[in-house]
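Structural overview
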Amino acid sequence: MFLAGWVDVRRDLGNLIFLDLRDHTGIVQVVCRPEVSAAAHDKAQNVRSEFVVGIEGEVVERAPATVNAQLPTGEIEVVAREVLLLNESKTPPFPINAEGKTAEEARLRYRYLDLRHARMQRNIRLRHDASLVVRRHMSERGFAEIETPFLTRSTPEGARDYLVPSRLRHGHFYALPQSPQLFKQLLMMAGFDRYFQIVRCFRDEDLRADRQPEFTQIDIEMAFPQRAELFEIVEGLMEKLFALVGISIARPIPLITYAEAMERYGSDKPHTGFALEWKRVSLTAEAAGKLRAAPEAKALRAANSADYSRSQLDKLQDLAKASGAAWFSYVKLSGNESQSPLSKAVGQAEVESVARAAGALPGEILFLIGCRAEGSSLVNTRRLDEASSALRLELAGRLNLIKPGHWNFAWVVDFPMFEYDEKEQRFTAMHHPFTSPREEDLSILESDSARVKARAYDLVLNGQEIGGGSIRMHRRDIQQRVFKVLGLTEEKARERFGFFMDALEYGAPPHGGIALGWDRIIALMAGESNIREVIAFPKTASAVDLMCEAPASVDPGQLDELGISLKKE
């Protein structure tokens, strides 16, 4: 038998030399005995970790006392007859298979070494296997995989674009696509009624654990769609993907409206795997006046937490206020008594009335948060929702309510069509400007834009959004009305989207789809908290490639060709 790979570990016992030989399939032990091959034994004396070697030898069973139950190959070993030194290696900057001991910066700077780690090999190969599942599933349902352009025009109606200067047309730029949105809609108009693509996208935005400047999504679009049919296709795909890692998905995935999600969880991507839920309660006008707060508040009941210490409660108060709540308080219920610092401000009767309204029971603690009386009600509501979401997740963590190995999917539907941007003093699209409003809301599109609901939906898993989509507008007149609500003049809309608006005039069919966050899905399947662990060559949190040292300066001659001069800092 002939094997080749990297030397993971070398152990020299004098008369015996053991080499743990590693490739992407795992590790096998090689033993070099001088009585079998003096040449192989001599060659093995000069081998070090990460040397590339070839081994010719015989596979034998290990003695029972030497079996390694931790390895799939632990019951056998290879007795070497010949050792070929295929390449040497410098001492690596970190042990290849060290678990959690290597600094992130070192891992990214020497990514080609980090990728040799068994965990990274497993993650990247899982991604490959999952890609095959996607292509089979979508093809079986009549979808065609079609590539869309990477060099397109900038349509700044979301995150910042990455711009690419044109050498042949100085002063003009391509943009790398944030999404193939317009192209996939154009494919529907072109008669390709079912399209998908595993596609790379680009956004110049601030990064987090679940964001990268270049990322991958599964892009899906279909003509003449029924939402239920699209959901069935996506749910079937999720079922097959998670089966790769032994996870069973309960179907159908439950639906929750956006309004209900914000009411109960304070988030449009709620973790539905534990029972902590908020309820709106009202303060009397007198109590609200004493607190200088809005009369509407939110209350959350937490069982087995009435023994929280003062310091624990103070930390929760700090979190609530830092997250946007104007005030925070609590009610401890023990037997028929209730204790709350709020009693001093609004009276015991008010406290007990709020506790009853919230349905609080003995042995529980009732958490209360509220917003200011003054200021924008929209801004206050947003802050209250953000605070309630942060507080709920913190409490779930403290009470050990988030159980590993539990997978809680949900569809969030009936999003608002628009959200008001206080800074820009105008409406913006909550999803994107090509999402269709509900048919029944067309009559109030301009007159009461804040109340318009979109035919949009998100797929959520364990508190993370893993997909977002909508039924699109296929009529030019409605698209123009939406642009107008968004503050785009006819001239500006023509400048940015003229080619798309023209296409809508040539028999565009009803269509809709979804984009699924591929990196996030693979990370969840692999049990990773950061998408960098499932991307072969990721960037840092500041969008830097430490391995290639990019971004980097370029030769002045290249800038001259592009007609570009740089400002001095």
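Placed above this text is the structure.
Described below are features of the structure shown in this document.

What follows concerns the overall build of the protein chain. Each helix and strand counted, the protein chain has 16 helices and 22 strands in total. For the protein chain, the spread of C-alpha atoms along the principal axes amounts to about 95 × 70 × 55 Å. Of all 569 residues assigned to the protein chain, the portion counted as buried reaches 46%. When contacts within the protein chain are restricted to residue pairs at least 6 apart in sequence, long-range pairs at least 24 apart make up 67% of them. Accessible surface for the protein chain amounts to roughly 28,800 Å². Of this, 51% is attributable to carbon and sulfur atoms. Positive and negative charge centroids in the protein chain, built from 73 and 80 side chains respectively, lie 3 Å apart.

Before going further, it helps to examine the sheet that holds strand β5 (residues 76-87). Spatially, the 5 strands close up into a barrel ordered β1-β2-β3-β5-β4, and their pairing is mixed. Between one strand axis and the next, the sheet turns by 50° as a mean value, whatever way the strands run. Judged from the 6 bridges that link them, strand β1 (residues 2-12) and strand β2 (residues 17-23) form a sheet pairing that is antiparallel. Following the sheet pairing, Arg 10 is matched in β2 by Leu 19.

Moving on, we get to the packing of helix α9 (residues 310-322) against helix α12 (residues 377-398). Taken N-terminus to C-terminus, the directions of α9 and α12 make an angle of 150°; their axes are 9 Å apart at the nearest point. Like other packed secondary-structure pairs, α9 and α12 cross with a definite hand, here right-handed. Contacts from Gln 312, Lys 315, Leu 316, Leu 319 and Ala 320 of α9 reach α12 at Ala 387, Ala 390, Leu 391, Glu 394, Leu 395 and Arg 398.

A side chain with one charge may pair with a side chain of the opposite charge, provided their charged atoms come close. Applying the stated criterion across every chain, the model contains 50 salt bridges. Overlapping salt bridges bring together Glu 104, Arg 107, Arg 111, Asp 114, Arg 119, Glu 528, Arg 532 and Glu 533 as one network.

A few words now on the packing of helix α4 (residues 118-140) against helix α15 (residues 518-526). Across the interface, α4 lies against α15 with an axial gap of 10 Å and an inter-helix angle of 120°. When the axes of α4 and α15 are compared, the pair comes out oblique. Seen along the crossing, α4 lies across α15 with a hand that is right-handed. Listed contacts from α15 to Asn 123, Leu 126, Arg 127, Ala 130, Ser 131 and Val 134 of α4 are Trp 518, Asp 519, Ile 522, Met 525 and Ala 526. Tallied by class, the residues present in the contact of α4 with α15 amount to 7 nonpolar, 2 polar and 2 charged.

Ranked by internal contacts, the top residues of the largest apolar core, which has 41 residues, are Met 238, Leu 241, Phe 242 and Leu 516. Sort the elements by how many residues they give to this core and helix α6 (residues 227-243) lands first, with 8 residues. Those residues within four positions of Leu 516 in sequence are excluded, and the remaining contacts are Thr 216, Gln 217, Ile 218, Ile 220, Val 234, Leu 237, Met 238, Leu 459, Ile 466, Gly 467 and Ile 521. One finds Ile 256, Met 430, Leu 442 and Ala 454 within the second-largest nonpolar core, a separate group that totals 24 residues.

Quick notes on the rules
- Residues numbered from 1 in each chain as written.
- Predicted model: local features only at pLDDT ≥ 70, side-chain atom pairs only at ≥ 80, totals over all residues.
- Heavy atoms only, no water.
- Helix = DSSP H or I, 4+ residues; strand = E, 2+ residues; numbered from the N terminus.
- Buried < 20%, exposed > 50% of the residue type's maximum accessible area, 1.4 Å probe, protein only.
- Contact = heavy atoms within 4.5 Å.
- Areas by Shrake-Rupley, 256 points an atom, 1.4 Å probe, with all protein chains shown as cover.
- Lys, Arg positive; Asp, Glu negative; His and termini not counted.
- Charge placed at Lys NZ, Arg CZ, Asp CG, Glu CD.
- Pairing = 2+ DSSP bridges.
- Axes fitted to C-alpha atoms, helices over the stretch in contact; angles between N-to-C directions.
- Left-handed = near helix turned anticlockwise from the far one by under 90°.
- Salt bridge = Lys/Arg side-chain N within 4 Å of Asp/Glu carboxyl O.
- Parallel < 35°, antiparallel > 145°, perpendicular 65-115°, else oblique.
- Nonpolar A, V, L, I, M, F, W, Y, C, P; charged D, E, K, R; others polar.
- Core = buried A, V, L, I, M, F, W, Y, C linked by side-chain atoms within 4.5 Å.

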